[in-house]
Amino acid sequence: MYKDFQSYLQTTLKEIEEAGLYKNERVIVSPQRAAIKVNTGKDVLNFCANNYLGLSDNQELIDAAKKALDERGFGMSSVRFICGTQDLHKELEQKIADFFGTEDTILYAACFDANGGVFEPLFTEEDAIISDALNHASIIDGVRLCKAKRYRYSNANMQELEECLKQAQEQRYRVIVTDGVFSMDGNVCPLDQIHALAEKYNAMVMVDESHSAGVVGKTGRGTTELHNLRGKIEIITGTLGKAFGGAIGGFTTGKKEIIAMLRQRSRPYLFSNSIPPMVAAAGCAMFDMMARTNELQDKLHTNTDYFVAQMKAAGFDIKPTQSAICAVMLYDAKLSQQMAEKLLDEGIYVVGFYYPVVPKDQARIRVQISAGHEREHLDKAIAAFTKIGKELGVIK
Ligand SMILES: *Cc1c(COP(=O)(O)O)cnc(C)c1O
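Only a predicted model underlies this, so the values are computations on that prediction, with no experimental measurement involved.

Peer 1: Would you take a moment to explain the site of the ligand for this structure?
Peer 2: Taken together, 13 residues lie near the ligand, and Cys-111, Phe-112, Asp-208, Thr-239 and Lys-242 sit nearest. Residue Ser-210 places a side-chain N or O atom 3.4 Å away from a nitrogen atom belonging to the ligand. For the ligand, an oxygen atom lies 2.7 Å from a polar atom in the side chain of Thr-239. Contact with the protein chains covers 83% of the free accessible surface of the ligand, which is 390 Å². For the shell around the ligand, the per-class residue count stands at three nonpolar, seven polar and three charged.

This is how it looks when you write it as structure tokens:
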């Protein structure tokens, strides 16, 4: 059997490679941070991590994790409801709820699991899920696991959303689902309008704050802060794997009955391991830090504003962004790959994205800004972009 299957896999892999879509991993041999070393020995500046607050190598979090490792051991060897809950997990859940102004929180091993396990326990074939077309893969998978009727509107298109809501009036319950920040453009979902339409057509709202938590809003509380909707959204999901230290872990936070039902019925929660004590402890230390100071959010916002302004001044076409994601538009797929390659030679690590990850003729380089970047890092990146941009005829 395997011989046939093997040749089928080999052919398919070759096709992926020939289409230029084969994903090779670069190997980093330093901690994750702004200035990293890769296994070729080269030192590069990292502009493609989700390390928005620069916390991936933060000493306070490392110390908290080490302390928990000594005091609470390495792993839980259990799911939460059997014997996998320490006080640290409960504390972290409360701190997440305090951060978002919600009633309760449930932890998962990742946000992929949070999204995978949120729909099926709550909604049935009598209900409607209305989803933005650009929502994250984990939302799409989660919706697939649920029997509710599906509606889809194109990215942030409020006319289409309204149309879906009208059509969904026959269903028992309705939930509108959206990413907080869409990761390819960096645009924030129009949560104010979504919420208003939800009120008008009697629906609930779920926001995935994975790219927005810690980033969007003056104090990084996410899209509900930006749109003055704190406490008004029924379901928020998010990750501890991006701005919040970047280790592992996800959560759903919101109305307490929803969270209670998820604890009873959500399959990735019931049938998958508890996060390690050190991750929970570092998470607690991280949210304590967020409650104490706004320094990192302020620095991130200053850095992003500076980078975008300088890149525009240099002549680059930058997608309007309200997050720390900055899409440098090149439109041409090959050019995006060439430019990323040449930037790496200059010591700037960025990634070019093209079809099918973004629409045809919308190729770009996605730059992710961090509070871990110093002004000199940003200046070096801007100078490299300008040099290579001129070389390749992208700017004059
Ligand atoms: C990254 C991301 C996820 C997955 O988070 P993990 O914790 O890494 O599984 C889910 N949703 C969105 C919108 C994301 O950007």
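Peer 1: Could you clarify how one ought to interpret the sheet that holds strand 1 (residues 35–37) in this entry?
Peer 2: Strands in a sheet are paired, the pairing made by backbone hydrogen bonds, and the direction either parallel or antiparallel. Read across the open sheet, the three strands follow the order 1-2-11; overall the sheet is mixed. This sheet does not close on itself; its edge strands, each paired only once, are strand 1 and strand 11 (348–349). Of the strand pairs in this sheet, strand 2 (residues 43–46) and strand 11 are connected by two bridges, and their pairing is parallel. What sits directly across from Leu-45, in strand 11, is Ile-348.

Peer 1: I tried to follow the pairing of strand 5 (residues 149–153) on my own but got confused; where do I start?
Peer 2: Each regular strand shows side chains that alternate between the opposite faces of the sheet. Of the strand pairs in this sheet, strand 4 (residues 128–132) and strand 5 are connected by five bridges, and their pairing is parallel. Its bridge partner lying in strand 5, Ile-130 is registered against Tyr-151. In the classification by handedness, the crossover that spans strand 4, the intervening helix 6 (residues 137–144) and the parallel strand 5 is right-handed.

What counts and what doesn't
Residue positions are given per chain, counted from 1 along the sequence in the order it is written. The predicted nature of this model means local features are confined to residues of pLDDT at least 70 and side-chain atom pairs, given and counted, to a pLDDT of 80 or more, with totals for whole chains, interfaces and linings taken over all residues. To obtain the side-chain values, all non-hydrogen atoms of the structure were included, while hydrogens and water were left out. The near set for a molecule or strand comprises every residue that places at least one heavy atom within 4 Å of it. N or O atoms within 3.5 Å of each other form a polar contact, as long as, within protein, one can give a hydrogen and the other can take it, and as long as residues adjacent in sequence are counted only when both atoms are side-chain atoms. Here the Shrake-Rupley method, with its probe set to 1.4 Å, supplies the accessible areas, and only the displayed protein chains count as covering residues. Each residue gets one of three labels, nonpolar for Ala, Val, Leu, Ile, Met, Phe, Trp, Tyr, Cys and Pro, charged for Asp, Glu, Lys and Arg, and polar for the others, Gly among them. Only strands joined by at least two bridges in the DSSP assignment are considered to pair. In DSSP terms, a helix is any run of H or I states spanning at least four residues, a strand is any run of E spanning at least two, and both are numbered starting from the N terminus. Assignment of crossover handedness uses the view with strands pointing away from the viewer, where a clockwise path from the first strand over the helix to the second indicates a right-handed crossover.

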